[in-house]
Structure formats: structure tokens, C-alpha cells
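Residues per chain are reported as follows:
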Amino acid sequence: MLLDARGQGCPKPVMMADEALSRMKEGVVEVLVDNEDSALNVAGYAAQNGMFAETFRESGNWKVKISKGYGCDASAVCPRQSLSGAGSMRSAESEMKKRLLLIIGTDALGKEEDLGKILMKGFLETMKVYKQLPHTLFFLNAGVKLTTVNAETVGILKEIEGMGTEIYSCGTCLKHYNLESDIKVGKRGVTNQVVEGLQDFDKVVWV
């Protein structure tokens, strides 16, 4: 079955795949999308639900082939490793350390922008100095400016990353601000990482 989800915004491609797959006990569904973020979300959905997915680039589009009811092909790349930024498979030991997911959705703390940017820098510096670090930092909305065009916070975040924190920036947000080629620390992330984090982490904090 081929689903044409081109032109559909997130999370519509995932919803289309879920609807089709829920009607079958086993089989294959191919989802055609026109951007990498949608492909990552669909592949992530498949992995989260125990299904095998392969992602292909075709003539400017992406196709995600999802197999339900079949084992993972040992000769193929597992879904979470098929595209950069999709996240890596970690050992059971590292998964147990998922205590805190910190989501930052702004580049300034509070309503006063100039003061807020100073406070945000101070917040990150304090977190680094006191070594009170989350397992994962996920930046979305204007927060992606902290990993791209803000040289001061990029430097701090590189140190935090070096201390073991995983850092991701929302791909859709990077595209919105035309910052896709400016990411300087961490990796490109996808929205399903936030949704999965609500279950995978002991605590999720939004700033």
C-alpha cells in the first residue's frame, strides 16, 4: 500500500501511516513524503511501535517503507540509524540513566528580551558549573537560535555536550528560521523525540 503524504504537515503523515497499519495484521505500507523531518517522524513512529522501517530518497522526495508483522532484516539498517538526527540505539544501561529531558522553547527567559537573553546564558552556565545536567536537551521554537546563531550559548552548549548531555534541535524549527545549515552543536532532532520522552524519561521539564 502506498500513501501519498506529500504536502501534509506534521503529524499528518504519521497519522496516515497509523490508520493504514491499524487495519492490517501484517503487511507493508509505504509512505511518500516531501521533506526529511516527516520521513524521520514516520520512521520513528515505526520503531516506537516495534515495526521495521527503511527510508529511501527518491527524486527529491522520501519514501518510508514500514513492515508490520515481519522480523527486522539483519542485512538492513535499523530504523533509528537510517537517517542522521533520528537518534541512536543505546544500550540498556544508558537507557536506565534517562532521568531528565529538558526542553527549551525560547532563546530568552522572561518577557524582556535583552534581559532574558542574559538570563538564558546565565542559566546554561550555572547548569554547567554545578554539573546539574539533563540526559537530553531538546531545543525548539526560538530556542534553536541557541544552538546556531548565538555564539556565546553555542560555546557553553559544546561544553555541556562534552560532559555527556545529548543535544537536539527541532528540524522543523530550524527550517522555519532558515537555520538548517547553521547548527553548530548537537544534532537535528524530530518531534517524536519529545513525545517519546514523556514516557522514556523519569522527568520532563519545559523552559
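Here is what the cut-offs are and how they apply
- Residues numbered from 1 in each chain as written.
- Predicted model: local features only at pLDDT ≥ 70, side-chain atom pairs only at ≥ 80, totals over all residues.
- Heavy atoms only, no water.
- Helix = DSSP H or I, 4+ residues; strand = E, 2+ residues; numbered from the N terminus.
- Buried < 20%, exposed > 50% of the residue type's maximum accessible area, 1.4 Å probe, protein only.
- Contact = heavy atoms within 4.5 Å.
- Areas by Shrake-Rupley, 256 points an atom, 1.4 Å probe, with all protein chains shown as cover.
- Arc of directions from axis to C-beta.
- Core = buried A, V, L, I, M, F, W, Y, C linked by side-chain atoms within 4.5 Å.
- Salt bridge = Lys/Arg side-chain N within 4 Å of Asp/Glu carboxyl O.
- Pairing = 2+ DSSP bridges.
- Axes fitted to C-alpha atoms, helices over the stretch in contact; angles between N-to-C directions.

A. Examining the overall build of the protein more closely. Per the secondary structure count, the protein includes 7 helices and 9 strands. Across the 207 residues of the protein, 44% fall into the buried class. Sequence separation of at least 24 residues holds for 70% of the intrachain contacts in the protein that already meet a minimum separation of 6. A total of about 11100 Å² of accessible surface is found on the protein, and carbon and sulfur atoms cover 51% of it.

B. A look at helix H1 (residues 12-22). Along H1, the residues that are buried comprise Pro13, Val14, Met16, Ala17, Ala20 and Leu21. An end-on view of H1 places all buried positions within 160° of arc, on one side of the element.

C. Expanded view of the nonpolar core. Counting 25 residues, the largest nonpolar core has Ile104, Leu124, Leu137, Phe138, Phe139 and Leu157 as its most contacted members. Among the secondary structure elements, those contributing two or more residues to this core are strand E5 (100-104), helix H4 (113-129), strand E6 (136-139), helix H5 (151-162), strand E7 (166-170) and helix H6 (171-176). In this structure Leu137 touches Leu102, Ile104, Met127, Leu157, Ile160, Thr165, Glu166, Ile167 and Tyr168, once residues within four positions along its chain are discounted.

D. The pattern of salt bridges, seen in detail. Following the criterion strictly, the structure yields 9 salt bridges and no others. Here Asp37 makes a salt bridge to Arg188, at a shortest N to O gap of 2.8 Å. Here Asp37 is found in helix H2 (residues 36-48), whereas its partner Arg188 is found in strand E8 (residues 187-189), with 151 residues between them in sequence. Arg188 carries the same exposure label as Asp37, and that label is buried. The partner of Lys117 in a salt bridge is Glu113, with the nearest N and O atoms 3.2 Å apart. Here Lys117 and its partner Glu113 are both found in helix H4, 4 residues apart, which amounts to about one turn of the helix. The partly exposed category is assigned to Lys117, whose relative accessible area is 32%. Residues joined in a network through salt bridges with shared partners are Glu30, Glu58 and Lys63.

E. Representation of the pairing of strand E4 (residues 61-68) in the model. For E4, the tally of buried residues reaches 6 of 8 residues, placing the bulk of the element in the interior. Here 7 bridges tie strand E2 (residues 27-33) to E4, and the two strands are oriented antiparallel to one another. When the sheet's bridge partners are listed, Val31 is paired in E4 with Val64. Looking at chain direction, strand E3 (residues 52-58) and E4 are connected through 7 bridges and run antiparallel. Note that in E4 the partner of Phe52 across the bridge is Ser67. In this antiparallel pair of consecutive strands, E3 and E4, the connection spans 2 residues, and Ser59 shows a positive phi of 50°.

F. The arrangement of the sheet that holds E2 in detail. Ordered by their spatial adjacency, 4 strands build an open sheet running E1-E2-E4-E3, and the pairing between neighbours is mixed. At either margin of the open sheet sits one strand with a lone partner, and together these are strand E1 (2-4) and E3. Shown here is a sheet whose adjacent strand axes are inclined to one another by a mean of 20°, direction ignored. This element, H1, spans E1, E2 and E4 of the sheet and lies at about 165° to E2. H2 contacts E2, E3 and E4 of the sheet and is inclined by roughly 5° relative to E4.

G. Molecular detail of unusual backbone geometry. The phi torsion at Asn141 lies on the positive side, around 50°, for a residue other than glycine. Considering the arrangement of structural elements, one finds Asn141 in the loop between E6 and H5. Positive phi values are uncommon outside glycine, yet Asn178 reaches one of about 55°. With respect to the helices and strands, Asn178 occurs in the loop between H6 and E8.

H. Structural detail: the sheet that holds E5. Strand order in the open sheet formed by 5 strands is E8-E7-E6-E5-E9, and the pairing between neighbours is parallel. This sheet does not close on itself; its edge strands, each paired only once, are E8 and strand E9 (203-206). When the angles between neighbouring strand axes are averaged without regard to direction, this sheet yields 25°. Judged from the 4 bridges that link them, E6 and E7 form a sheet pairing that is parallel. Bridge pairing links Thr136 to Glu166 in E7. Where H4 meets the sheet, its contacts fall on E5 and E6, and the angle it forms with E5 comes to roughly 160°.

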